[in-house]
Amino acid sequence: MCGIVGYTGPKPAFAFLIDGLKRLEYRGYDSAGISLLNDDSVLTVKSVGKVVNLEAKRPSGQKHMHTGIAHTRWATHGIPSERNAHPHTDEKGLFAVVHNGIIENHADLRKRLEAAGHKFASDTDSEVIPHLIEEFYHGDLAEAVAAALHQISGTYGIAVISAMHPDTIITARLGSPIVIGLGKDANMVASDVTALVTYTRDVI
Ligand code: GLU
């Protein structure tokens, strides 16, 4: 179980998220990734190894992207690799998810989703989440995430963004830690308060 950071506010999200991931490095991890909301699409970068490798992939135009989620992975299902690094998305790339924990019924869920036409891009247990969200989405992101999580047995701390929902991060937890940080004009999420302490002391 490794690190999650999310940010929505006036700052460029990429720099905030890289800083947060660096603060969580002490936990150990094998790969890292970030998804940013870019107008009406989700832009994702991933790398194997240290967070500095991810930082070197800073996407052009990132200064104008103010909402994003980030992850350091400690592989439990699928080898450490770029394709298995989080965030994971549905095949249309509309929903991006970072996940800490283990989804015990992932094989059954994956079989059902593949039979319904979903195309998987990784070997992780986590990837069932964005596909389930896509299946349950009818305009309300929080409702779709809740419906997706009702299908899951196991543990999770998650953060979700969607191309259809600017300035929004949905987070949830069961058996894995998540804190929400409230800023003056920004909100944050993390798996460990260490990632947020320099920005806010107001945490839920
Ligand atoms: N079980 C997930 C995976 O293997 C999440 C691992 C983690 O908590 O970092 O990708």
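The structure presented is a predicted model; accordingly, all values stated were derived computationally and were not measured.

The rules behind the values
- Residues numbered from 1 in each chain as written.
- Predicted model: local features only at pLDDT ≥ 70, side-chain atom pairs only at ≥ 80, totals over all residues.
- Heavy atoms only, no water.
- Near = heavy atom within 4 Å.
- Polar contact = N/O pair within 3.5 Å; in protein donor to acceptor, adjacent residues only side chain to side chain.
- Areas by Shrake-Rupley, 256 points an atom, 1.4 Å probe, with all protein chains shown as cover.
- Nonpolar A, V, L, I, M, F, W, Y, C, P; charged D, E, K, R; others polar.
- Pairing = 2+ DSSP bridges.
- Helix = DSSP H or I, 4+ residues; strand = E, 2+ residues; numbered from the N terminus.
- Contact = heavy atoms within 4.5 Å.
- Axes fitted to C-alpha atoms, helices over the stretch in contact; angles between N-to-C directions.
- Buried < 20%, exposed > 50% of the residue type's maximum accessible area, 1.4 Å probe, protein only.
- Core = buried A, V, L, I, M, F, W, Y, C linked by side-chain atoms within 4.5 Å.
- Phe/Tyr/Trp six-rings, centres within 6.5 Å; stacked < 30°, edge-to-face > 60°.

Caption draft 1: Geometry of the site of the ligand. Taken together, the neighbourhood of the ligand is formed by 15 residues, with Arg-73, Thr-76, His-86, Gly-101 and Asp-125 sitting nearest. Trp-74 places a main-chain nitrogen or oxygen 3.0 Å from an oxygen atom of the ligand. Gly-101 places a polar main-chain atom, nitrogen or oxygen, 2.8 Å from a nitrogen atom of the ligand. Expressed as a share of its isolated accessible area of 300 Å², the protein-covered part of the ligand is 100%. Of the residues contributing to the shell around the ligand, the split by class is four nonpolar, nine polar and two charged.

Caption draft 2: Layout of the sheet that holds strand β8 (residues 165-174). Pairing in this open sheet of four strands is antiparallel, and the strands run β5-β6-β7-β8 from one edge to the other. Looking at which strands have only one partner, the edges of the open sheet turn out to be β5 (88-89) and β8. Where β5 and strand β6 (residues 95-100) come together, two bridges link them in antiparallel fashion. Looking at the pairing, His-88 lines up with Val-97 of β6. Here helix α4 (residues 128-136) sits on the sheet and contacts β5, β6 and β7 (156-162); the angle it forms with β6, its principal contact strand, is near 140 degrees. The sheet strands contacting helix α5 (residues 141-149) are β6, β7 and β8, and the helix crosses β7 at an angle near 145 degrees.

Caption draft 3: Representation of α4 in the model. Along α4, seven of the nine residues are buried, which leaves the element largely enclosed by surrounding structure. Within α4, the full set of buried residues consists of Val-128, Ile-129, Pro-130, His-131, Leu-132, Ile-133 and Glu-134.

Caption draft 4: Quick peek at the side chain of His-118. Looking at where His-118 falls in the secondary structure, it is placed in the loop between α3 (106-115) and α4. Note on His-118: relative accessible area 8%, which makes it buried. Among the polar contacts made by the side chain of His-118, one reaches the side chain of His-131 at a distance of 3.3 Å. Residue contacts for His-118: discarding those within four places in its chain leaves Glu-91, Leu-113, His-131, Glu-134 and Glu-135.

Caption draft 5: Just the nonpolar core, in detail. Counting 25 residues, the largest nonpolar core has Leu-17, Leu-21 and Ile-34 as the members making the most contacts within it. Setting aside chain neighbours within four positions, we find Leu-21 in contact with Val-5, Ala-32, Gly-33, Ile-34, Val-51, Leu-54, Ala-70, His-71 and Thr-72. Among the nonpolar cores identified, the runner-up in size contains 22 residues, and Phe-95, Val-128, Tyr-137 and Ile-170 belong to it.

Caption draft 6: Quick peek at the packing of aromatic side chains. Summed over the entire model, instances satisfying the criterion amount to three aromatic pairs. Consider the rings of Phe-16 and Tyr-199, whose centres lie 4.3 Å apart with planes at 45 degrees: the pair is tilted. Residue Phe-16 is located in helix α1 (residues 13-23), and its partner Tyr-199 is located in the segment after β10 (187-190); the two are separated by 183 residues in the primary sequence. Under the relative-accessibility criterion, Phe-16 is labelled buried at 3%.

Caption draft 7: A look at unusual backbone geometry. Cis rather than trans, the peptide bond between His-86 and Pro-87 has omega equal to 0 degrees. A positive phi is found at Asp-39, a non-glycine position, where the angle reads about 55 degrees. Locating Asp-39 in the fold gives a position in the loop between β2 (31-38) and β3 (41-48). Its identity is not glycine, yet Asp-167 carries a phi of approximately 55 degrees, on the positive side. Of the residues examined, Asp-167 reaches a relative accessible area of 57% and is grouped as exposed.

Caption draft 8: Seen up close, the side chain of Asn-84. Secondary-structure assignment places Asn-84 in the loop between β4 (67-73) and β5. With a relative accessible area of 0%, Asn-84 lands in the buried category. Only 2.9 Å separates the side chain of Asn-84 from the backbone oxygen of Ile-79, close enough to count as a polar contact. The residues contacting Asn-84, other than those within four sequence positions of it, are Arg-73, Gly-78, Ile-79, Ser-122, Asp-123 and Thr-124.

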